[in-house]
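Listed below, chain by chain, are the residues.
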Amino acid sequence: MPRDRAFLLYPAVLTMTWWLACCLSLTLADDQNASPPASDPGEISLFDGATLHGWTVKCKPQDEDKRHYWKVVDGTITAEVPPNSKHDYIWLVSDQEFSDFELRVKVQTYSTSTGNSGIQVRSRYDDTAHYMDGPQVDINPPGPWRCGFIYDETRGAQVWLWPDVGRPANAKPEHAPAGWKWYHADLPESRDAWNDVRIVCQGLRIQTWVNGVPIADYNGAGRLDDEFHKKRNVGLCGHIALQIHPGGKLLIRFKDIVLRLPAQSGDSSH
C-alpha cells in the first residue's frame, strides 16, 4: 500500500468534471483506430496478429533509427534490442485510450535478456518532453520475481505503487508474493512457454495477476488522483503502452492482447 501522504480534498464537482472529461475522450476516438473484435463479442483485441495497426512507436528524436526494435514476428509483437544498444525509452503506444478495463496478455521472455520492459496503463506520452507518464506493470526478465509489481512513471512521483517501497532499487525478491511464477522460454523446464498477465483497472484500484497468482492489489486514492496525475491527465484514463527500457539486451514477445470493458466484464475484478 502507498506510504502515507497528505490526502488532498477537492470539491466533488471539480473531481467529477475531470473524470467525465477524461472518459469523454473514449467516445470521441476516431473510428478508424478501432481494433478488430476478439472471438468473444464482449472483448476488444488490441493486436491483429499481423501488423502494428492501432499502435504507434514513441521515442526521443535520437532514437528514430531504432523504431524497428518494435516489430511483428510470427504473429507476435516483438521487442528486440541488440547488445550494447545506446537508446532511451522506446514505447509502443495504443492509439486508443481507456479508463476501466480488464487486460489480458501473453508474454514470452528469455533468461539471456538483461533489459527491462513493462505494460503502461492509463498513461500518456508527452511528445514535447518525450516522456511517458502513468502507472506501469513491471515485466523484468533478469529478476522475474518483480513481474506484476506496479511502478509509477509519472513525473513528480516515480516510485513503486505496489509494493510501497519507494525508489526502484528498493524492490527486493522478498516483496514478491508466495507462489509467484514466471517462465523463460529458453529454459529446458519451460521451453517455448508463455506467461499470462492480467491487469484490472477499476476506479482508483489496480490489480495484477501473473500466471494465475495474485500479485498487486493497489488502492490509488490520494495518489492516482493527486495534482501530479491530474496535471498529466493520467492514472484514471489513458493509453496502454509496451516498454523498452534504456540499457540491456532484450528479447520479449507479446500476443493475445485482449481488453474487456466494464459493461461486459461483470465480476471480473474479483
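Reading the values: rules and limits
- Residues numbered from 1 in each chain as written.
- Predicted model: local features only at pLDDT ≥ 70, side-chain atom pairs only at ≥ 80, totals over all residues.
- Heavy atoms only, no water.
- Helix = DSSP H or I, 4+ residues; strand = E, 2+ residues; numbered from the N terminus.
- Buried < 20%, exposed > 50% of the residue type's maximum accessible area, 1.4 Å probe, protein only.
- Contact = heavy atoms within 4.5 Å.
- Areas by Shrake-Rupley, 256 points an atom, 1.4 Å probe, with all protein chains shown as cover.
- Core = buried A, V, L, I, M, F, W, Y, C linked by side-chain atoms within 4.5 Å.
- pLDDT = per-residue confidence, 0-100.
- Salt bridge = Lys/Arg side-chain N within 4 Å of Asp/Glu carboxyl O.
- Pairing = 2+ DSSP bridges.
- Polar contact = N/O pair within 3.5 Å; in protein donor to acceptor, adjacent residues only side chain to side chain.

A count of helices and strands for the chain gives three helices and 16 strands. Looking at the chain as a whole, 52% of its 270 residues are labelled buried. Pairs at least 24 residues apart make up 69% of the contacts formed inside the chain by residues separated by at least 6 positions. Accessible surface, the chain as shown: approximately 12,200 Å² in total, 54% of it carbon and sulfur.

In this section: the nonpolar core. Membership of the largest hydrophobic core comes to 52 residues, with the highest contact counts inside it found for W70, I119 and F254. Looking at which element gives the most residues to this core, the answer is strand 16 (residues 250-260), with five residues. Setting aside anything within four residues of it in sequence, one finds W70 in contact with L52, V57, I77, T78, A79, I90, W91, L92, L242, Q243, I244 and F254. W91, V93, Y125 and M132 belong to the second-largest nonpolar core, a separate cluster that totals five residues.

The next thing to look at is the confidence of the model for the chain. In this model, the chain carries a mean pLDDT of 87, and residues with pLDDT of at least 70 account for 82%. Low pLDDT (under 50) marks residues 1-38, which in the prediction has 62 contacts with non-local residues, meaning those over four places away or in another chain. Every residue in residues 264-270 is under pLDDT 50, and counting partners more than four places away or in other chains gives eleven contacts.

Turning next to the pattern of salt bridges. Inspection of every chain in the model, using the stated rule, returns 15 salt bridges. With its nearest N and O atoms 2.6 Å apart, the salt bridge here joins D133 to R155. You can see D133 sitting in strand 8 (residues 131-133) and its partner R155 sitting in the loop between strand 10 (150-152) and strand 11 (160-162), a full 22 residues away along the chain. Its relative accessible area of 2% is what places D133 among the buried residues. A salt bridge links D138 to R146; its shortest N-O distance comes to 2.6 Å. With respect to class, D138 is no different from R146; both count as buried. Salt bridges sharing partners connect three or more residues here, namely E102, R104 and R198.

For the bond from W162 to P163, the omega torsion is -5°, close enough to zero to count as cis. Summarising the element assignment, P163 is placed in the loop between strand 11 and strand 12 (195-202). Although it is not a glycine, R122 sits at a positive phi angle of roughly 50°. Within the secondary structure layout, R122 lies in strand 7 (residues 117-126). For R122, a relative accessible area of 0% puts it in the buried group. Positive phi values are uncommon outside glycine, yet N211 reaches one of about 50°. Counting through the fold element by element, N211 comes out in the loop between strand 13 (205-210) and strand 14 (213-219). Residue classification places N211 among the buried residues on the basis of a relative accessible area of 14%.

Quick look at the pairing of strand 6 (residues 101-108) now. Counted residue by residue, strand 6 has six buried out of eight residues, so it is predominantly covered. Bridge count between strand 6 and strand 12: seven bridges; the pairing is antiparallel. Paired with K106 across the bridge in strand 12 is D196. Bridge analysis of strand 6 against strand 16 gives six bridges, and the strand direction is antiparallel. Across the sheet, R104 pairs through a bridge with V258, a residue of strand 16.

With respect to the secondary-structure elements, S85 resides in the loop between strand 4 (76-81) and strand 5 (90-98). A distance of 2.7 Å separates the side chain of S85 from the side chain of Y69, its partner in a polar contact. Not counting the four nearest positions on each side in its chain, S85 is found in contact with K66 and Y69.

Secondary-structure assignment places W194 in the loop between strand 11 and strand 12. Setting aside chain neighbours within four positions, we find W194 in contact with T76, K106, V107, Q108, N211, R253, F254 and K255.

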